[in-house]
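Survey of secondary and tertiary structure
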Amino acid sequence: MAWRIFLTLIACGSMMACNSDNENAVKVNTTPEPVQSESVEVQAVDDNLSESESESESESEFLTQSAPEPECDLESVNLLDFVPWQREEGWWVGEYTFLGADGDPNVSASWPYRYDHYRGFIHLEVIGNSIKQRNVFLYPAKNSSECDSVEDVVGSGICGDNGNEKVFSADQSASDCDGNLSGPFEAFGMTLSTTTTLIGDDTVLYQVRLPDGSFTQNQLTTLPPNDTRVRTAQGFFMGSSTYASYYRERKVTKEEFVQLLEETRQEYNILELDYCGYDSGGNPSNVSCDEHFGVVLGD
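Residues numbered from 1 in each chain as written. Predicted model: local features only at pLDDT ≥ 70, side-chain atom pairs only at ≥ 80, totals over all residues. Heavy atoms only, no water.

1. Description of the overall build of the protein chain
When its secondary structure is counted, the protein chain shows 5 helices and 10 strands. Looking at the protein chain as a whole, 38% of its 299 residues qualify as buried. Contacts in the protein chain between residues far apart in sequence, at least 24 positions, make up 57% of those at least 6 positions apart. Carbon together with sulfur atoms contributes 53% to the accessible area of the protein chain, which is approximately 17,300 Å² in total. (Helix = DSSP H or I, 4+ residues; strand = E, 2+ residues; numbered from the N terminus. Buried < 20%, exposed > 50% of the residue type's maximum accessible area, 1.4 Å probe, protein only. Contact = heavy atoms within 4.5 Å. Areas by Shrake-Rupley, 256 points an atom, 1.4 Å probe, with all protein chains shown as cover.)

2. Observations regarding unusual backbone geometry
One can expect most non-glycine residues to show negative phi and most peptide bonds to be in trans. Here Asn269, not a glycine, exhibits a phi torsion of approximately 55 degrees, which is positive. You can see Asn269 is positioned in the loop between helix H4 (254–267) and helix H5 (289–293). Here the phi dihedral of Cys276 falls at roughly 50 degrees; this positive angle occurs in a residue that is not glycine. With respect to the element layout, Cys276 can be found in the loop between H4 and H5.

3. Regarding the pairing of strand S2 (residues 118–127)
The side chains of a regular strand alternate, residue by residue, between the two faces of the sheet. Most of S2 is tucked away: 8 of the 10 residues are buried. Pairing of strand S1 (residues 90–100) with S2 involves 7 bridges; the strand directions are antiparallel. From the neighbouring strand, Glu95 faces S2, where its bridge partner is Arg119. Connecting the antiparallel pair S2 and strand S3 (residues 130–139) is a turn made up of 2 residues, with Gly128 showing a positive phi of about 65 degrees. (Pairing = 2+ DSSP bridges.)

4. A word on the sheet that holds strand S5 (residues 181–187)
The sheet built from 10 strands closes into a barrel, its strands ordered S1-S2-S3-S4-S5-S6-S7-S8-S9-S10 with antiparallel pairing. Strand-to-strand, the axes of this sheet are offset by a mean angle of 25 degrees, without reference to chain direction. Examined bridge by bridge, strand S7 (residues 203–209) and strand S8 (residues 215–222) share 7 bridges and lie antiparallel to one another. Within the sheet, the bridge partner assigned to Val208 lies in S8 and is Gln217. Helix-sheet contacts for H4 involve S1, S2, S3, strand S4 (164–174) and strand S10 (240–252), and the interaxial angle to S2 is about 155 degrees. (Axes fitted to C-alpha atoms, helices over the stretch in contact; angles between N-to-C directions.)

5. Comments concerning the state of the cysteines
Scanning the model with the defined rule gives 3 disulfides in all. With a sulfur-sulfur separation of 1.9 Å, Cys72 is cross-linked through a disulfide to Cys177. Here the disulfide of Cys72 and Cys177 is right-handed, its torsion about the S-S bond being about 95 degrees. Taken as a pair, Cys72 in the loop between helix H2 (34–66) and helix H3 (83–88) and Cys177 in the loop between S4 and S5 lie far apart in primary sequence, 105 residues in all. Exposure remark for Cys177: the relative accessible area of 38% places this residue in the partly exposed category. Here Cys276 engages in a disulfide with Cys289; their sulfurs sit 2.1 Å apart. Judged by the sign of its S-S torsion, about 110 degrees, the cystine formed by Cys276 and Cys289 is right-handed. Here Cys276 is found in the loop between H4 and H5, whereas its partner Cys289 is found in helix H5, with 13 residues between them in sequence. For the pair shown, Cys276 and Cys289 are each scored as buried. For the protein chain, numbering the cysteines in disulfides from first to last along the sequence yields the connectivity 1-4, 2-3, 5-6. (Disulfide = S-S within 2.5 Å.)

6. Brief notes about the pattern of salt bridges
With the rule as written, the count across this model stands at 10 salt bridges. Across the salt bridge formed by Arg265 and Glu165, the nearest N and O atoms sit 2.7 Å from each other. Here Glu165 lies in strand S4 and Arg265 lies in helix H4, a separation of 100 residues in the sequence. Residue classification places Arg265 among the buried positions, given a relative accessible area of 6%. On the basis of relative accessibility, which here comes to 0%, the residue Glu165 falls in the buried class. Where Glu249 meets Arg231, a salt bridge forms, and the shortest distance between an N and an O atom there is 2.6 Å. One end of the pair, Glu249, is in strand S10; the other, Arg231, is in strand S9 (residues 228–237), and 18 residues separate them in sequence. As far as the burial class goes, Glu249 and Arg231 line up, both buried. (Salt bridge = Lys/Arg side-chain N within 4 Å of Asp/Glu carboxyl O.)

7. Re the side chain of Thr97
Turning to its location among the elements, Thr97 is positioned in strand S1. Classification of Thr97 by relative accessible area gives buried; the value is 14%. A distance of 2.9 Å separates the side chain of Thr97 from the backbone oxygen of Asp116, its partner in a polar contact. Once residues within four sequence positions are removed from consideration, Thr97 is found in contact with Tyr115, Asp116, His117, Tyr118, Ala244, Ser245, Tyr246, Tyr247 and Arg248. (Polar contact = N/O pair within 3.5 Å; in protein donor to acceptor, adjacent residues only side chain to side chain.)

Here it is as structure tokens:
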């Protein structure tokens, strides 16, 4: 985070002038011997020079402090110069819990899968002054006792048997020369604004705001020094709390990422045709996993 340092300008010239005046007064009242007279004249010249130099220094300091800060060249920002982005770049896997407004695991009418414990797979790529984030979230099948019918699914699975997955994308670029970010996010048929603010080397604040300026999410990320991160998000609509989340993630290699992704798909019994098959709104994503992440995940 950028810290603004407010400096107080101290005008030393008048103080030095007063001291010089006192010293001169003492010397003028002494016996006027030639040597002393010469000393008084030299001291007076020195005092005048000191006062003039002090005033010049004060004027220079004032001009320096009053000068406007140089404009930030956003194109030249390298986010990897900032410790949080060094630590955040890479491949992440996480265990997630998503709670509704009542504090219980979220229940969605449009996405009939479990939110009490599910998993996320995230790739954060830093490219110069920008960050590209690509996620896929994997959800276990709904409990059989909660299925209204076997068709209570998205896609071709069976309720209580098959899980499913969603993809998510977000891009941000530097908003200043201090490592902070901003960028648009499309959701609910609207363009939302997002900002990311660095708070030291181990804390990041991510905020999402509606077109009217009100916030819909505050998300705090903490980065312990062990290749893990913990995120908690608070959701709002019209000032009322709507959800909360608790994410626990660890950084892995790309190979571990692919292996754990496949293991979770097997554990959740997700159909291959549903891999990266739906967007954040539960609609068909129309992209493959390789297209979504922009890299070839498998061999």
